Every structure is written in structure tokens, then in C-alpha cells.
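Each chain, letter by letter, is given below.
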Amino acid sequence: MERGCFERSGRRELERVHPVRQQLRELLSGRGRRLHPDFGGNVSPGSVQTYGIPYAVVDGNQAKRSVIFFYDGESDGVDQATGQSYPFYPLPDQAIVQPHWVEGGDPASVDLRDDQDRHLIVVDRDRRHLYELWNAWYDTAHGQWYAGSGAFFDMNTNNRRPETWTSADAAGLAILPGLARYDEVYASDPTGTYEIPHAFRVTVRRTNGHVFPASHTAGDTPGALPMGARLRLKAGKDITGFPPEIRRIFRAMKTHGLIVADNGTDMFVTGTYDPRWNNDVLNPAFGQLSACDFEVVQLGWKPAALSVEVGANQSAFAVGQTLTPTVTYTNPGLASVVDVYMGLLFPDGHTIAFFTGASGFAVGDAANPASFRPAATGVSLASPLSATVPNVFAYPWTASAPRGGYVLFLAATKANAPAEILTLATAPLSLQ
């Protein structure tokens, strides 16, 4: 890249900006990669094929459909204990046979998963729920929806995806909030004060890891930007010569910036499919900006992981002796709560004795989260603290316990979601 591209803004930029410069030099070779509006209307008048990502708005009565996923372990609408999908997504039947419901334009019954991203986005306006599918296809022969992955977002909250989970976007982000929308860009505003209140989704060719608010990694190129990184149009960039609606887009880029959401073509900014867009206006306007007009202002925030260690008073036991675990934990102060599970995994590899109190336990099965019994629920992580907790639980060995190797464990999970383990500590021991 040219020297001077992506210099420090002095506004919340992190010290870690320097490692990304090697990739940025490559990305911005010459005069820098030009921005491109990855949205618009129909490819040609009356065509099925489209530009941009469409979205549908339904009411709370829309019937729910099950979707079978390739990445079922990171998708909503799936029983994570069994891997079975269940009716969860409010997908209109019109999307199956009518064009312009799925990204790319062709109906969902046309299998283009090998050629296109095929996003399908639905908003439940009554509940304020957002559903997003990637690589969607409807198999008419079997009457079944399929997709690469699927994500649910409750728009009444600011919750993000579980850490390490993808979404319909590689970064694990919601797509719809990052799209340039026609109704925002051309909002009727007699006062002249309305501004677009969010960042825009952007793609780059390679990434390295992820930072908040992203939750998923889809690249490990050294020096590359992470998923979730932000670029912001420099405050001094002159945008006065652009049409008013284009200036509104570019002012949002100065205020909220671009957020790296996926791997793709460098500096492609995503928007909605809408026949009202005029690409004869959008393309030349975006093309006058390059990546060198932006600065890396925030690579994102990622808290330290909750650190837990668990140990036993001895490594081998005989019948009649008592196990007294010791737990050491360091809490980084996450603004959330967790449920804590502690117990012993038996030699058969699936039976678990969950500790429920001093010398108290309940038997469960590792394959059945419904059988799990927590040692504590709703444990706050809001205040940083570090402590050692000895002898909180005890387990007396009896003759009914099978001989062999055991695993002592402590797991912190997302509240009310025992299958979503945030951290796990283990220690081997045996009954002789």
C-alpha cells in the first residue's frame, strides 16, 4: 500500500494496528482497492437475477419450518444433544417458487449452493426476531429446507452468538443490521438531521481470527484483519461533491465505519436488494473512495477467558475414602452470568455423578443435557475476582462405584444452556 494509508486516527485505535499493515499494504497496492457497492436491483430489466441481499418481513403467525444444516453444531433450530432439527424458522412458502426472496434472485427450489451464498433473511416484526440462513435450498422432492448454517437473533437484546459459533455470516454477526438499506439512505427528513445509525458490512479477501463483536474465525493469514475489525472513513475526507443520499452513506462510514464480516472481494460494501437503487449513481460514487481513505480505528475487544483449574486431594482412591476437590478460578469480569457444573465422569465414559452439595450428588448421562444437575446457577461474572475454593464438595467412595479411571471436571456454561460450555477444567483420578 502507499505510505500513509491507515495511519493512526488517535480515536480509540489500538496499539495492535501495526501487525495488520503487511496485509493492508498488499490489499491497498497502488492507489488502494476501490470501494464497490455490493447491492442494487435486478441484473437486467425484469430479470430473475439480482444484486444485493433481500429480506422478508413476516408477522408472528408465520408457520415455522425445520432446516437441516451442514454446520448443525453451530446453528439454531437444532437439538444440540441429538443433532435433530425442529420447526424454528418462519420461512414463507413463496420463497420456494417465487424469485427475489433468496440472495441471487432464483427461487429457493433452484439449487445454486455451489455457486452462490444464497442468504435468506426473515424478520418477525411482531416479536422483533431475526432469522438468517446461508446457502439455503428447498428440496421439493422431499419437502425439506436445507442450509449451510442458520442463526437466530433476538432484536430485543444485544446478545451475540456463542463464542466460536458462526452465523449466516462467517464472522458470526447478524447480516441485516449491517446492510445499506434504501429506506435509510433515502429517508424523508424535512429537518435535515437524520443520519444512518449503524456500521456497514464489508468483506476482505483474507482474515486472521476474530474480535468482538464477531464470534467466529474463518481465516488465519498472519497480519490480516480479524473478523469484527472496523475501518472508518477518515474525518478529513471531502465528500461535499457527492449527491445528498451518497453523502448520508459516507457520513455513516465516518461515524460508524465498516465492520469486517466475511471473506470475499476486498472492500465490497453490502446492501439490500431493492429495484429502486440506481447503480449508475452508486458505482461511480463508491469508486471514488479507496481503502486508503479509511483508517483502522478499532480491532475490537475480546475479554480474557474465564480460567478454571480443578484438582483432587489425591490421585488414587480406595473404597471408604472421600474425594474433596479444590477449585481455583480467575474471573476476568465478564458482564454475564454462568451456571457451574461439577462432577465425576465414570469409567464407562457417559455416566456422570454431578455434585449438588457437600456429600450430595445426582447421577446423569453425558449424552443427555436434561439430566445435568448444576452445582450453582446464575453465578455473576460482573466483578473481577480470583480465589481458591477448597473442599466445597465431597464424594464418598462406596463399593458400588466401578473400579477404574475417572475424570473430575468443572464446567461453566451459558446460563440455562448446559450444552453451551464456556470453559472446562478436568483432572484424572482412579478408584482402585
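Residues numbered from 1 in each chain as written. Predicted model: local features only at pLDDT ≥ 70, side-chain atom pairs only at ≥ 80, totals over all residues. Heavy atoms only, no water.

1. A short note on the overall build of the protein
- From N to C terminus, the protein includes five helices and 27 strands.
- In the protein, once contacts between residues fewer than 6 apart in sequence are set aside, the share between residues at least 24 apart is 67%.
- Summing over all exposed atoms, the protein offers an accessible surface of approximately 19,800 Å²; the carbon and sulfur share of this is 51%. (Helix = DSSP H or I, 4+ residues; strand = E, 2+ residues; numbered from the N terminus. Contact = heavy atoms within 4.5 Å. Areas by Shrake-Rupley, 256 points an atom, 1.4 Å probe, with all protein chains shown as cover.)

2. Quick notes on the sheet that holds strand 9 (residues 144–147)
- Read from one edge to the other, the open sheet built from three strands follows the order 3-9-8, with strand pairing classed as mixed. For this open sheet the edge positions go to strand 3 (67–69) and strand 8 (137–139), each flanked by a neighbour on one side alone. Here the average twist between neighbouring strands, direction ignored, is 35°.
- Pairing between strand 3 and strand 9: three bridges, direction parallel. (Pairing = 2+ DSSP bridges. Axes fitted to C-alpha atoms, helices over the stretch in contact; angles between N-to-C directions.)

3. What to know about unusual backbone geometry
- Backbone torsion omega between phenylalanine 212 and proline 213 reads 10°, so that peptide bond is classified as cis.
- Inspection of the secondary structure assignment puts proline 213 in the loop between strand 11 (200–204) and strand 12 (230–233).
- For asparagine 135, which is not glycine, the phi torsion reads 60° and is therefore positive.
- As for its placement among the helices and strands, asparagine 135 is situated in the loop between strand 7 (129–134) and strand 8.
- We classify asparagine 135 as buried; its relative accessible area is 11%.
- With a phi angle near 65°, methionine 267 is a residue other than glycine that sits in the positive phi range. (Buried < 20%, exposed > 50% of the residue type's maximum accessible area, 1.4 Å probe, protein only.)

4. Thoughts on the confidence of the model for the protein
- When pLDDT is averaged across the protein, the result is 86; 87% of the residues are at 70 or more.
- Across residues 1–31, confidence stays below pLDDT 50; counting only partners more than four residues off in sequence or on other chains, it has 75 contacts. (pLDDT = per-residue confidence, 0-100.)

5. A look at the side chain of serine 215
- Position of serine 215 among the secondary structure elements: in the loop between strand 11 and strand 12.
- In this structure, serine 215 is in contact with Arg160, Arg161, Pro162, Glu163, Thr164, Trp165, Ala171, Gly172 and His210, ignoring residues within four places of it in sequence.

6. What to know about helix 4 (residues 244–255)
- With twelve residues, helix 4 should reach 16 Å at 1.5 Å per residue; the first-to-last C-alpha distance of 16 Å fits that figure.
- Every buried residue of helix 4 is listed here: Ile246, Arg248, Ile249, Phe250, Ala252 and Met253.
- Glycine 257 lies just past helix 4 and shows a positive phi near 85°. (Expected span 1.5 Å × (residues − 1).)

7. Quick look at the packing of aromatic side chains
- Tallying each qualifying case throughout the model produces 29 aromatic pairs.
- Ring geometry for tyrosine 182 against tyrosine 186: centres 4.4 Å apart, planes inclined by 20°, an arrangement best described as stacked.
- Exposure remark for tyrosine 182: the relative accessible area of 17% places this residue in the buried category.
- Summarising the aromatic geometry, the rings of phenylalanine 354 and phenylalanine 372 are spaced 5.1 Å apart at their centres and angled 40° between planes, so their arrangement reads as tilted. In this pair, phenylalanine 354 sits in strand 21 (residues 351–357) while phenylalanine 372 sits in the loop between strand 22 (360–365) and strand 23 (376–380), placing the two residues 18 residues apart along the sequence.
- Pairwise contacts between aromatic rings join Phe317, Phe346, Phe355, Phe361, Phe393, Tyr395, Trp397 and Tyr406 into one cluster.
- The cationic tip of arginine 161 hangs over the ring face of phenylalanine 153; the distance from NZ or CZ to the ring centre is 5.9 Å. (Phe/Tyr/Trp six-rings, centres within 6.5 Å; stacked < 30°, edge-to-face > 60°. Lys NZ or Arg CZ within 6 Å of the ring centre and 35° of its normal.)

8. Side note on the environment of alanine 291
- In this structure, alanine 291 sits in the loop between helix 5 (279–287) and strand 15 (294–298).
- Alanine 291 sits in the buried class, given a relative accessible area of 0%.
- For alanine 291 and aspartate 266, which are 25 residues apart along the polypeptide, the C-alpha to C-alpha distance reads 8.9 Å.

9. Let's talk about the pattern of salt bridges
- Under the definition given, this model contains 14 salt bridges.
- The shortest N-O distance in the salt bridge between aspartate 266 and arginine 33 comes to 3.8 Å. Separated by 233 residues along the polypeptide, aspartate 266 in the loop between strand 13 (258–263) and strand 14 (268–273) and arginine 33 in the loop between helix 1 (21–27) and strand 1 (36–40) bring together distant segments of the chain.
- Given a relative accessible area of 34%, arginine 33 falls into the partly exposed group.
- The partner of aspartate 93 in a salt bridge is arginine 65, with the nearest N and O atoms 3.3 Å apart. Residue aspartate 93 is found in the loop between strand 5 (84–85) and helix 2 (94–97), and its partner arginine 65 is found in the loop between strand 2 (56–58) and strand 3; the two are separated by 28 residues along the sequence.
- In the salt-bridge network here, residues are joined through shared partners; they are Arg33, Arg205 and Asp266. (Salt bridge = Lys/Arg side-chain N within 4 Å of Asp/Glu carboxyl O.)

10. Some words on the packing of helix 4 against helix 5
- At a minimum axis distance of 11 Å, the contact between helix 4 and helix 5 shows a crossing angle of 40°. In terms of orientation, helix 4 lies oblique with respect to helix 5. Viewed along their axes, helix 4 and helix 5 form a crossing whose handedness is right-handed. Seen from helix 4, the contacting residues are Ile246, Ile249, Phe250 and Met253; seen from helix 5, they are Val281, Leu282, Ala285 and Phe286.
- Within the contact of helix 4 with helix 5, the residues separate by chemical class into eight nonpolar, no polar and no charged. (Parallel < 35°, antiparallel > 145°, perpendicular 65-115°, else oblique. Left-handed = near helix turned anticlockwise from the far one by under 90°. Nonpolar A, V, L, I, M, F, W, Y, C, P; charged D, E, K, R; others polar.)

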